[in-house]
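One-letter residues, chain by chain:
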Amino acid sequence: MTKKTRILLAGFLCFSTLCFFCGLCIRDVHDTIRAENFVHDLTADQTAQLEETLDATFPERNTTALSHLPYKLLEPDLNIQAGSAILVDTATGSILYEKNADDSIPPASLTKIIEMYVLFQAVENNEIALDDIVPLPPQSWSENLPPDASRMHLGKNHRVTLRELMLGLAISSGNDASIAAAYYVCGNMNDFVSRMNAAVANAGLTHTHFVESSGYSERNTTTAREFATFARMYMRQYPESLEQFHSQSMFTYPQARNLPPELRGQAQALAIKQYNTNKLLSKLEGCDGLKTGYIDESGYNIAVTAKRNGTRFLSVTMRGPGHSTAEGNAYRVSDNMALFSYAFANFADYNPPQKKHEYAIGVPDSKQKFIKLIPACPESFTVPFITGTTPEDSVAAVYTEVTMPHCLLGSIKKGMKCGEIAYKIGSTTLRTLPLVADRDAEPASIASRLYGRLIYSLIELDFSIRSRIDTNS
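Notes on the structure follow. The residue count restarts for each chain, going from 1 along the sequence in the order it is written. For a predicted model such as this one, the threshold for reporting local features is a pLDDT of at least 70, and the threshold for listing and counting side-chain atom pairs is 80 or more; totals across whole chains, interfaces and linings nevertheless cover every residue. Just so you know, side-chain values use all the structure's heavy atoms and leave hydrogens and water out.

### Quick word on the sheet that holds strand E9 (residues 299-308)
Whether two strands pair depends on DSSP finding at least two bridges between them. The secondary structure listing takes helices from DSSP runs of H or I that are at least 4 residues long and strands from runs of E that are at least 2 residues long, numbered from the N terminus. With mixed pairing, six strands are arranged side by side in an open sheet as E1-E3-E2-E10-E9-E8. Each of the sheet's edge strands pairs with one partner strand only, and the pair in question is strand E1 (67-68) and strand E8 (287-295). Contacts are residue-level and defined by heavy atoms, with any inter-residue pair within 4.5 Å sufficient. Think of each axis as a best-fit line through the C-alpha atoms, taken over the contacting stretch in the case of a helix, with angles from 0 to 180 degrees between the N-to-C directions. Running at roughly 35° to E9, helix H10 (residues 325-346) makes contact with strand E2 (84-89), strand E3 (94-99), E8, E9 and strand E10 (311-320) of the sheet.

### Description of the side chain of Asp438
For Asp438, the location among the structural elements is in the loop between strand E17 (428-437) and helix H12 (446-472). Accessibility here uses a 1.4 Å probe with only protein chains present; expressed as a share of the type maximum, an area under 20% marks a residue as buried, one over 50% as exposed, and anything in between as partly exposed. Using a relative accessible area of 4% as the deciding quantity, one classes Asp438 as buried. Polar contact is defined as a pair of N or O atoms within 3.5 Å, subject to the rule that within protein one atom must be able to donate a hydrogen and the other to accept it, and that residues adjacent in sequence are counted only when both atoms are side-chain atoms. One polar contact links Asp438 to Arg439, side chain to side chain, over a distance of 2.7 Å.

### Focus: the environment of Ile133
Within the secondary structure, Ile133 sits in strand E4 (residues 133-134). Overall, Ile133 belongs to the partly exposed group, its relative accessible area being 37%. Placed 29 residues apart in sequence, Ile133 and Leu162 show a C-alpha to C-alpha distance of 6.5 Å. Aside from chain neighbours lying at most four places away, what touches Ile133 is Arg159, Val160, Thr161 and Tyr184.

### Looking at H10
Given 3.6 residues per turn, any residue in an α-helix points the same way as the ones three and four places further on. Residue count minus one, scaled by 1.5 Å, sets the expected span of a helix. In a regular helix each residue adds 1.5 Å, so 22 residues correspond to 32 Å; H10 covers 32 Å between its end C-alpha atoms and thus fits that length. Taken as a whole, H10 has its buried residues at Gly328, Asn329, Arg332, Val333, Asp335, Asn336, Leu339, Phe340, Tyr342, Ala343 and Phe344.

Here it is as structure tokens:
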């Protein structure tokens, strides 16, 4: 073989090797750009680890605190007669309206919501069951209550289940039911109230405190903001409470099964039919709860919730005016009809599509090669009615705008912010969230990292050329 032939052969081999290497690079560039074809779903363990990391990095993911809307709106012109009020979107915790929401006011029988939360907790922990027969201590007999106390009319030797007591709490607002349930769980009132105070403390409430479970005492205290915070948490944690208890329109007690044998023949005469104290149930479309309260020191209080077209709102109005129950109820109805008319006419909830927003991206200098970027927090938020003919039209008009690099370099840790997703209607940005890595991408070997950085440079060059062509065209 001549020297010239060897030189030509060597040149051909070098050229072939270079073409092969460039072909590999081009293929890897295209593969990295089309990362969604190569990134795998997380395992159950990886998903659990990611959730734990995100909860620690972004505590707002699981906060129970209410918050103001992430965009500016004009203050609504609502003529609310109650001295204190707040209106919130239960899905997002967004505050839509408030009036003196931090005033300290006795909750009156709104207190029974916290009692019911503690009872649901005890059922969940298998301490008690809804169909347990509850012994009735003398303190819970109707005849031993103050004359102005609300009651479900418990009596000596009555046989009653915990489920019936909870109906008596939710519908009749029975102080006798409150005492009986508290004694059943803890044996005394003080220990049960300690559980109630622990529950509100765990929810981060600092201006809510109880001395007894029924709401009869003016020494129980809360604010509209804090009570709405707790009521929202209660409904989210125990959504069955609305259908089973708070939405029920009436309750008849005692019935024959509740009475001792010698009185069962008189059941029809002894039975008392009581209607739910929440008059919004029959007047406000979609209303399925929640609870009223009144003592002289608090005025007419009420917590109301209603749901339409998949969106649920919650209001708490306190220190409502009225010189009689009828007048107090009339003000509670008019205030809350105004609040919910405003809410449903102007807001609806955006929920992410079934195919969640996630974006595959290459990490060419890592062992992992590909990861996904996902929103750091739940995507649901309150959408204002700013386009179309209904708030739901505005929800349908929401689109996302993503800011993220073409690919990533370096050691990527799950939960690391790598981009941003904005939710918009037209040119109006309603909300932005960080896009974070859904998994770790550990550094590869030195040779692989060098090769990966070459791929990164080629990708940047590719996008730079595309951008210039688009600009020139």
